[in-house]
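Structural overview for review
Take a look at the letters that make up each chain.
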Amino acid sequence: MRTEPAVGVSAVASDSVGAADAAGAADLGDVPCSGDGGSVEYTTDRWSALCTAADAYDRATGGGLALGKHYRNLRDSDGAGAGAGAGAAGSGGVQGETEGCVSKDSTLPPASPADMLSLLKRAERLFSQWLGPHHWHLLAVRTALQRTLLNTRDHNAALPVSVCIRQTYELVYPQHHPAVAVQMCVEGQLLASLGRIEESVV
């Protein structure tokens, strides 16, 4: 078992964060998960949850980022190996969450719309629990989840996801950056659609 800062952003690239500069993007991956600014202990439960969340994201999005493979490689290089995978079903903290979500390939068949939403919610729930609140991989999942919720017109569920994305963007981009402005527009439109127009005026 090792102890180190949370997984960095440099290992995997994505379009979902936009064109953040290297320093800003690094901030997203280096947020510690211990909550006290310290380092993070990589336990079997944590590896199981991270692999499961990454697999769920891969299945929902077709596997383009291959996050599942990324986290399994990290787990195996950590020395947890098969023990971490075996711990998935037996660990109390993630039991049930980790079932039926193990993929080895980076190219996966697209999930149905209903499955996609369920998988993204599972990934967001697990990444929220085990990664820092502004981690790049959590942002990628939230971006995909927001897009799916907007497509299904579930504005109530999309609003808190949109707020989280905006808060993360505000940490990465300079003030008045277009990426932040676009996310603020999305948030404002969601508030307006829910009859909360007064809250959308900044």
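Relevant structure appears above.
Calculation rules
Residues numbered from 1 in each chain as written. Predicted model: local features only at pLDDT ≥ 70, side-chain atom pairs only at ≥ 80, totals over all residues. Heavy atoms only, no water. Helix = DSSP H or I, 4+ residues; strand = E, 2+ residues; numbered from the N terminus. Buried < 20%, exposed > 50% of the residue type's maximum accessible area, 1.4 Å probe, protein only. Contact = heavy atoms within 4.5 Å. Areas by Shrake-Rupley, 256 points an atom, 1.4 Å probe, with all protein chains shown as cover. Phe/Tyr/Trp six-rings, centres within 6.5 Å; stacked < 30°, edge-to-face > 60°. Salt bridge = Lys/Arg side-chain N within 4 Å of Asp/Glu carboxyl O. Expected span 1.5 Å × (residues − 1).

1. Section: the overall build of the protein chain
- Across its full length, the protein chain holds eight helices and two strands.
- Sorting the 202 residues of the protein chain into buried and exposed places 46% on the buried side.
- For the protein chain, the proportion of contacts with a sequence separation of at least 24, taken over those separated by at least 6, is 69%.
- Working note: accessible area of the protein chain is about 9700 Å², and carbon and sulfur atoms make up 53% of it.

2. Considering the packing of aromatic side chains
- One pass over the structure, following the stated rule, counts two aromatic pairs.
- Taken together, a centroid distance of 5.8 Å and an interplanar angle of 45° make the contact between Tyr-71 and Phe-127 tilted. On the criterion of sequence distance, the pair formed by Tyr-71 in helix 3 (residues 67-77) and Phe-127 in helix 5 (residues 113-130) is long-range, its members being 56 residues apart.
- Note on Phe-127: relative accessible area 0%, which makes it buried.

3. Quick notes on the pattern of salt bridges
- Within the structure shown, the criterion is met by six salt bridges.
- A salt bridge links Asp-55 to Arg-72, with the shortest nitrogen-to-oxygen separation between them at 2.9 Å. On the criterion of sequence distance, the pair formed by Asp-55 in helix 2 (residues 44-61) and Arg-72 in helix 3 is long-range, its members being 17 residues apart. Arg-72 shares its class with Asp-55; the two are buried.
- Arg-142 is paired through a salt bridge with Glu-124; the nearest N and O atoms lie 2.9 Å apart. Residue Arg-142 is found in helix 6 (residues 136-151), and its partner Glu-124 is found in helix 5; the two are separated by 18 residues along the sequence. This pair shows no difference in class: Arg-142 is buried, exactly as Glu-124 is.
- Through salt bridges with shared partners, a single ionic network connects Arg-166, Glu-170 and Glu-187.

4. Focus on helix 8 (residues 178-193)
- Between its first and last C-alpha, helix 8 extends 22 Å over 16 residues, near the 22 Å set by a 1.5 Å rise per residue.
- If you check which residues of helix 8 are buried, you get Ala-179, Val-180, Gln-183, Val-186, Glu-187, Gly-188, Leu-190 and Leu-191.
- As for helix 8, its buried residues are in contact with helix 6 and helix 7 (155-172).
- Where helix 8 terminates, the next one or two residues include Gly-195, which has phi positive at roughly 75°.

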